[in-house]
Amino acid sequence: MSPQERLAAALARIPYATFLGVRAELKGDELTLVLPYADHLVGNPLLPALHGGVVAALMELTAITQLAIASKSEKFPKTIDVGFDYLRSGKPVDTYARARVVKIGRRIANVQAEAWQGQRHEPIAAMHGHFLLGDEETKSP
Amino acid sequence: MSGETHYGEGGDVFERVKTMMEWTPQGRALGFELTKLDGAKVVARVPYRPEHVGDPETGVIAGGVITTFLDQISGMATVLAMKEPAMVATIDIRIDYMRAATPGRDVFAEAHCYKIGRNVAFVRAIAFEDSVDNPIAHATSTFMVNATRKFGANLREKKK
C-alpha cells in the first residue's frame, strides 16, 4: 500500500466521513474528495440545497487529508481556524473538493480548498484555514 | 424597517425557532435540538454520537459537526432577530478552535445576532460543554437576510 492509499483508507475509518458518505479519489499526490448526493445532507428542503456546514465539512476533510499527504504524516492535523465563503447554493447533486497546501511551516500549515459541482471553474464554496501539524504534539515536551 | 432588532416578537417564539431548526434534514440527522432562548441568544445542543467522531483514535467529534452546528444556530439567531421570519443564507463563517471537544460529551452552542440590516446580519457563536467561559470554538459569521427563493429553485436548469 502506498502512503496515499493508506491515507484514503484512513479517511474511510473516520466515522463522520462515513456518515457524510465521502469517497476519496487520488491521482498522484492530488486528492479529490467526492460527496455523493444524499437526502440527509440537505439544509434547505424547499430549494433543495445542501447544508452549508456539509460543504464546509467536505472542504475541511479534504484540507486535512491533503495536508497529511503533503506533510507525509500518518496522523491527521488539528484545525486551528477555518473560514468558509459561500459562493453558490449547493444543488442536490454530487459535490467535489480539492485542497491546496499553501505553506507548511514547522508547526502550522496554511491550506486553501474549493468545492464545486457541475463545473470546476464555478466553485460553490471556498475555504482557507490554519492547521496544527499532526506529529507536532509527540515532539513537544 | 432596517437596522432594528426584534428578537422574535409575538407568538410562541421558542416553538417557531425549534420548528425551523428541525426543518433541516442535516440538522435532524445530527440530532440538533433547541434548548433555550435567552433574550436575543439561541442555545442548542448536538448529542455525542459514535458516527460524529472525526478522530477514531481519540473519539473527538469532527470539526465538520461543530461547523454545521455553529452555522445552523447562527442562522437561527438571525431568524430570531428578524421581524418577519424568512430564509437566510450564510455568506461566510469563520471558526476558531480553542481546543478539542471532550469525547463522550454533548456539545452546546449559543449564538447572538448582534446586528441586522436590510441585507446582511452579523452573528457571533460559541460552542462549549458546560460554560461559554470554557469554549471549544468561536464563530463569526455573516448572513444574507430575506434570501427567499422559489420552491425547487435548485432543481431547475440555469438559463443560458
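Here's a quick rundown of the structure. Counting from 1, residues in each chain are numbered in the order their sequence is written. A letter from A marks each chain and a number from 1 marks each ligand, given out in the order of writing. Given that the model is predicted, a residue must reach a pLDDT of at least 70 before its local features are reported, and side-chain atom pairs must reach 80 or more before they are shown or counted; all residues, however, enter totals for whole chains, interfaces and linings. Water and hydrogen atoms play no part in the side-chain values, which are based on all heavy atoms of the structure.

**Description of the overall build of chain A**
Broken down by element type, chain A carries four helices and eight strands. Going from the N terminus to the C terminus, chain A shows its helices and strands as α-α-β-β-β-β-α-β-β-β-β-α. With C-alpha atoms as the basis for the radius of gyration, the globule rule is written as 2.2 Å multiplied by the number of residues raised to the power 0.38. Compactness check: chain A gives a C-alpha radius of gyration of 15 Å against a globular reference of 14 Å for 141 residues, within 12% of the reference. For chain A, the C-alpha atoms occupy an extent of roughly 50 × 30 × 25 Å along the three principal directions. Classification of the 141 residues of chain A by burial places 50% in the buried group. Contact between two residues is taken to exist if any of their heavy atoms lie within 4.5 Å; hydrogens are not considered. Of all intrachain contacts in chain A linking residues separated by at least 6 positions in sequence, the fraction that spans at least 24 positions is 60%. For the purposes of this entry, the term helix denotes a DSSP run of H or I that reaches at least four residues, the term strand denotes a run of E that reaches at least two, and both are numbered from the N terminus. Per-residue accessibility, obtained with a 1.4 Å probe over protein chains only, is compared with the maximum for each type, and a residue is labelled buried under 20%, exposed over 50%, and partly exposed between these values.

**Focus on the sheet that holds strand β1 (residues 23–27) of chain A**
At least two DSSP bridges between two strands are needed for those strands to be called paired. Pairing within the open sheet is antiparallel, and its twelve strands lie in the order β1(A)-β2(A)-β6(A)-β7(A)-β8(A)-β5(A)-β5(B)-β8(B)-β7(B)-β6(B)-β2(B)-β1(B). With partners counted over all chains shown, the strands left at the sheet margins are β1 of chain A together with β1 (33–38) of chain B, one partner each. Strand-to-strand twist in this sheet, taken as the mean axis angle between neighbours without regard to direction, amounts to 20°. Pairing geometry for strand β6 (residues 107–116) of chain B and strand β7 (residues 120–128) of chain B, over eight bridges, is antiparallel. Of the residues in β7 of chain B, the one forming a bridge with K115 of chain B is F122 of chain B. Only C-alpha atoms enter the line fits that serve as axes; for helices the fit covers just the stretch in contact. Angles between N-to-C directions range over 0 to 180 degrees. Its contacts with the sheet place helix α1 (residues 13–22) of chain B against β1 and β2 (41–46) of chain B, and it is angled at close to 145° to β1 of chain B.

**Here we look at the packing of α1 of chain B against helix α3 (residues 63–81) of chain B**
All names here are of chain B. The N-to-C vectors of α1 and α3 enclose an angle of 140°; their axes lie 10 Å apart at closest approach. By the angle class used here, α1 and α3 are oblique. Judged by the twist between their axes, the crossing of α1 over α3 is right-handed. Two secondary-structure elements touch here, α1 through V13, R16, V17, M20 and M21 and α3 through Q72, M76, V79 and L80. Of the residues in the contact of α1 with α3, the class split is seven nonpolar, one polar and one charged. Note on angle classes: values under 35 degrees are labelled roughly parallel, values over 145 roughly antiparallel, values of 65 to 115 roughly perpendicular, and the remainder oblique. Handedness of a crossing is defined here by the sense of rotation of the near helix relative to the far one, left-handed for an anticlockwise turn of less than a right angle and right-handed for a clockwise turn. Here the term charged refers only to Asp, Glu, Lys and Arg, the term nonpolar to Ala, Val, Leu, Ile, Met, Phe, Trp, Tyr, Cys and Pro, and the term polar to all other amino acids, Gly among them.

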